[in-house]
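# Structure assessment
Listed below are the residues making up each chain.
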Amino acid sequence: MYQEERMMMILRHLKKHHRISVQEICGMFGVSRDTARRDLVKLSEQNAIIRTRGGAILPVLEKEVDSYKKRVGQKSEAKAKIGRLAAATIQPRDHILMDTSTTVQYAAQALEAQNVVVVTNSIDIADILSGKEGVKLHVLGGVFDPHSRYIHGAATLRHLQEFRVNKCLMGGGGITKDGIFVKDEEEGQVVKQMIACSEQVIVLADHTKFGKQFFYQICRLEDVDLLVTDRLPDHWKECLEKADVEWHVAEG
């Protein structure tokens, strides 16, 4: 079993039982205590768990995230403006990764560039792009999450490793000076791999995402190349400049 698969199963156990011990991990997977500790160290480095004496617990979330269908309708005007501006950054013959963000969905709707290749794990974005003749679409395989309407899992991560693209369009549950955060480790693992496969990372986020931190960190702020938003608080400009992040603000 791959380490990523063990880590996902450890997190599922934690979501159900709230804590796990090194001894339990050894019994669940037939691995040594050193291997179990390495899994917990990696999960801790990703901010997915809090290590305890002999095991781990889950961090407390700042807030829950609504279902995908509910989020699509929230702040739709701002998301549509951000999506249109982000779509304008896509050039003919670009190869793009799109995550499952509802704001990225608006970018998919606004996409007009021809002869582009898009890879996604979102069934809704795939449905939108399937109707565009200028798009060659790749849909990642894996396990379907009906609540968030995305595909994830070890098979998804392995499939992603085969791709190299020049742009990644992604959202984020929260943005702080430390980086980009999401609620779920399973979603975060996929987006992390998307970033690793991409030359340019473009984050789409409305102003309500600033200052919010969830328990799983996708990347540092310095890993982002371009931030597209509807409104940028003044104190964030200095922070983005320091991290060498370019930003575009959607007007009108």
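Residues numbered from 1 in each chain as written. Predicted model: local features only at pLDDT ≥ 70, side-chain atom pairs only at ≥ 80, totals over all residues. Heavy atoms only, no water.

On to the sheet that holds strand S4 (residues 95–98), then. Strand order in this open sheet of 7 strands is S6-S5-S4-S9-S12-S14-S15, and the pairing throughout is parallel. A strand with exactly one partner marks an edge of an open sheet, and here the two such strands are strand S6 (135–139) and strand S15 (246–249). This sheet shows a mean twist of 20° between the axes of neighbouring strands, independent of strand direction. Pairing of S4 with strand S5 (residues 116–120), which is carried by 4 bridges, proceeds in the parallel orientation. Paired with Met-98 across the bridge in S5 is Thr-120. Most of the contacts of helix H5 (residues 76–87) go to strand S14 (residues 226–229), to which it runs at about 145°, and overall it touches strand S9 (165–170), strand S12 (198–204), S14 and S15. (Pairing = 2+ DSSP bridges. Helix = DSSP H or I, 4+ residues; strand = E, 2+ residues; numbered from the N terminus. Axes fitted to C-alpha atoms, helices over the stretch in contact; angles between N-to-C directions. Contact = heavy atoms within 4.5 Å.)

This brings us to helix H10 (residues 234–242). Here H10 has its buried residues at Trp-236, Cys-239 and Leu-240. Axial view of H10: buried residues confined to an arc of 95°, hence all on one face. Residues of H10 that are exposed and point over 90 degrees away from its buried face: Asp-234, Glu-238, Glu-241 and Lys-242. Buried residues along H10 sit in contact with strand S10 (174–176), S14 and S15. Following H10 by one or two positions, Asp-244 has its phi on the positive side, about 60°. (Buried < 20%, exposed > 50% of the residue type's maximum accessible area, 1.4 Å probe, protein only. Arc of directions from axis to C-beta.)

Next up on the list: unusual backbone geometry. Of note, the phi angle at His-18 is positive, near 75°, even though the residue is not glycine. Summarising the element assignment, His-18 is placed in the loop between helix H1 (3–17) and strand S1 (19–21). The exposure class assigned to His-18 is exposed, which follows from its relative accessible area of 56%.

Inspection of every chain in the model, using the stated rule, returns 7 salt bridges. Here Glu-186 makes a salt bridge to Arg-12, at a shortest N to O gap of 3.3 Å. Of the two residues, Glu-186 is situated in helix H9 (residues 185–196) and Arg-12 in helix H1; the sequence distance between them amounts to 174 residues. (Salt bridge = Lys/Arg side-chain N within 4 Å of Asp/Glu carboxyl O.)

Our focus in this paragraph is the side chain of Thr-103. The topology assignment puts Thr-103 in helix H6 (residues 102–110). Excluding anything up to four places from it in sequence, Thr-103 contacts Lys-79, Ile-82, Gly-83 and Leu-204.

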